Structure formats: structure tokens, C-alpha cells
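Letter by letter, the chains look like this.
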Amino acid sequence: MYGKLDADPSGPRRRPSKRNDTHMSMPGRNDPCPCGSGKKYKKCHGATSAVTADSVYDRMRRLDAEAGRHIMKFAAERYGDASMAAAWKEFFVGRERPISEDEPEYQFFCAWFQYDWKPEGASPLAECFLSDRRATNIDAGLRRLIEATIEQPYSFYQVTEVEPGTGFKARDVVREIEVNITERSASGQIEK
């Protein structure tokens, strides 16, 4: 859903060179761990640096939450609390509802507010945030996530197939395409 992001921005690991380099190189998987534990690198510190589907998933979730915090803080500082109230009213098409995190649609609202709502005469909040000086020092992965999310249109999905604990297939009802979604926690509770 967020576009393709590199799991490990530093790129693939290379095996140590056979020639005698003066710089320190990465140990091979079966070499002793440089920490001195006596274990093989793959069973010690190499195990923690391996890129797995779970580590990529966890990183994406952390980046998504961090992006939301940055954009919400930016919106409050730049446009004030009234901007969220105006967006809330627009999101619910004028129906009077108090702003509440307990509202069933609150998560949908937040995604729409951060990536699609446009303050008067401006671009969507996420774009405004990225062009602001406050975003100059954010993590490169966080920037890529926000940029990729900006590129994806806000839509609604119908769940068509569920693999509990793994993910589900959903049909984008606006664009009429099917997508595979990897999501461990919700897929254990969701029903078609």
C-alpha cells in the first residue's frame, strides 16, 4: 500500500574480501562473531541484523506512526487546532460529531487528514510538511514512506480473502484493483 521501500537502505551485505585490506570488513556468516562471544556471527550479532519480513513490517509500522506524529504536530503548529476541527467537519460532510479518538472512523480520518486534506489555498498536509524546514532532518526512510503515501490515492477497500495471522486480499472499490496486504494482528480478527 505504501509503495516499494528498501528493507535495508545500506544495501546487501558483501562477504569479506580475500585480499588484505586495511579497513575492517563485514564478517562472513560462519566466521566467529567479532564481539568475542565464541559463537558464529550468524548465531550472534548477525542474527539481529538479518532482514526478515517481520523486521520490515515492524519498521514500516514504526515509520507510519512516526510520520503521523510529525504531520499532526506540524498541522497543529502551522494551522492551529481549528484546522483539525474544520477537517473533521469536512470529513463527516457537515454532520455534527465531536472529535474523538474513540470514533470508529478516527483512524480513517487521520490518514485522510494527513495525506489528503488541504488547508485553504495549500497542498495536502504531508506535502506541506515535507517542504517545511522542520522536515529537513527526518530519517530518509521516513521521508520515502511519506512520499510513497502521498502518491497513493485515498480509497476504500473490501476484504475478499483472509489468511489469519498473515494478511489479506482486498479490493480497492474506487480504482477496481485487488491488493495483497501483509498485516499480522488485524488479519487474525478480520472476517470476509
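Computed from a predicted model, the values in this text were never measured in an experiment.

Novice: Can you walk me through the overall build of the chain in this structure?
Specialist: For the chain, the helix and strand inventory stands at seven helices and three strands. The burial tally for the chain puts 30% of its 192 residues in the buried class. Summarising the internal contacts of the chain: among those between residues at least 6 apart in sequence, 41% fall at separations of at least 24. Carbon and sulfur atoms form 49% of the exposed surface of the chain, whose accessible area is close to 13,200 Å².

Novice: Teacher, can you tell me more about the packing of helix 3 (residues 81–91) against helix 4 (residues 106–115) here?
Specialist: Between two packed helices, the angle of one axis relative to the other and the distance separating the axes together describe the packing. In contact at an axis separation of 11 Å, helix 3 and helix 4 are set at 115° when each is read in the N-to-C sense. The angle between helix 3 and helix 4 falls in the class roughly perpendicular. In the packing of helix 3 onto helix 4, the handedness of the crossing is right-handed. Facing helix 3, whose interface residues are Ser83, Met84, Ala87, Trp88, Glu90 and Phe91, helix 4 presents Tyr106, Phe108, Phe109, Trp112 and Phe113. Considered class by class, the residues forming the contact of helix 3 with helix 4 number nine nonpolar, one polar and one charged.

Novice: Explanation requested: the pairing of strand 1 (residues 157–163) in the structure shown.
Specialist: For a regular strand, the rule is simple: side chains alternate between the two faces of the sheet. Of the pairings in the sheet, the one linking strand 1 to strand 2 (residues 167–172) comprises six bridges and is antiparallel in character. From the neighbouring strand, glutamate 161 faces strand 2, where its bridge partner is lysine 169. The turn linking strand 1 back onto strand 2 is made up of three residues, and glycine 165 within it adopts a positive phi angle of 80°.

Novice: I tried to follow helix 3 on my own but got confused; where do I start?
Specialist: Structural remark: α-helix, 3.6 residues per turn; residues separated by three or four positions point the same way. All of the buried residues in helix 3 are Ser83, Met84, Ala87, Trp88 and Phe91. Around the axis of helix 3, the buried residues are gathered within 135° of arc, so they sit on the same side.

Novice: Mind showing me how you'd approach the environment of proline 119 here?
Specialist: Along the chain, the position of proline 119 falls in the loop between helix 4 and helix 5 (125–131). Residue classification places proline 119 among the buried residues on the basis of a relative accessible area of 4%. Between the C-alpha atom of proline 119 and that of alanine 75, which follows or precedes it by 44 residues, the distance is 9.3 Å. Contact partners of proline 119, with chain neighbours within four places excluded, come to Tyr79 and Leu125.

Novice: So what exactly am I meant to see when it comes to the environment of lysine 73 here?
Specialist: Tracing the chain through its elements places lysine 73 in helix 2 (residues 53–79). The class of lysine 73 is exposed, set by a relative accessible area of 52%. When the C-alpha atoms of lysine 73 and phenylalanine 129 are compared, they prove to be 9.7 Å apart, with 56 residues separating the residues in sequence.

Novice: Explain helix 6 (residues 140–151) here, please?
Specialist: Along its 12 residues, helix 6 runs 17 Å from first to last C-alpha, staying within 8% of the 16 Å computed at 1.5 Å per residue. Along helix 6, the residues classified as buried are Gly141, Leu142, Leu145, Ile146, Ala148, Thr149 and Ile150. One side-chain oxygen of the residue at the start of helix 6 lies 2.9 Å from the amide nitrogen of glycine 141, identifying that residue as aspartate 139.

Novice: Before we go on, may I ask you to explain the pattern of salt bridges in this structure?
Specialist: Any two side chains of opposite charge can pair if their charged atoms end up close together. Under the counting rule described, the total for this entry stands at five salt bridges. A salt bridge links aspartate 139 to arginine 59; the nearest nitrogen and oxygen atoms lie 3.9 Å apart. Here aspartate 139, found in the loop between helix 5 and helix 6, pairs with arginine 59, found in helix 2; they are 80 residues apart in sequence, far enough to count as distant. Between arginine 78 and aspartate 132 there is a salt bridge, with the nearest N and O atoms lying 3.5 Å from each other.

Rules used throughout
Residues numbered from 1 in each chain as written. Predicted model: local features only at pLDDT ≥ 70, side-chain atom pairs only at ≥ 80, totals over all residues. Heavy atoms only, no water. Helix = DSSP H or I, 4+ residues; strand = E, 2+ residues; numbered from the N terminus. Buried < 20%, exposed > 50% of the residue type's maximum accessible area, 1.4 Å probe, protein only. Contact = heavy atoms within 4.5 Å. Areas by Shrake-Rupley, 256 points an atom, 1.4 Å probe, with all protein chains shown as cover. Axes fitted to C-alpha atoms, helices over the stretch in contact; angles between N-to-C directions. Parallel < 35°, antiparallel > 145°, perpendicular 65-115°, else oblique. Left-handed = near helix turned anticlockwise from the far one by under 90°. Nonpolar A, V, L, I, M, F, W, Y, C, P; charged D, E, K, R; others polar. Pairing = 2+ DSSP bridges. Arc of directions from axis to C-beta. Expected span 1.5 Å × (residues − 1). Polar contact = N/O pair within 3.5 Å; in protein donor to acceptor, adjacent residues only side chain to side chain. Salt bridge = Lys/Arg side-chain N within 4 Å of Asp/Glu carboxyl O.

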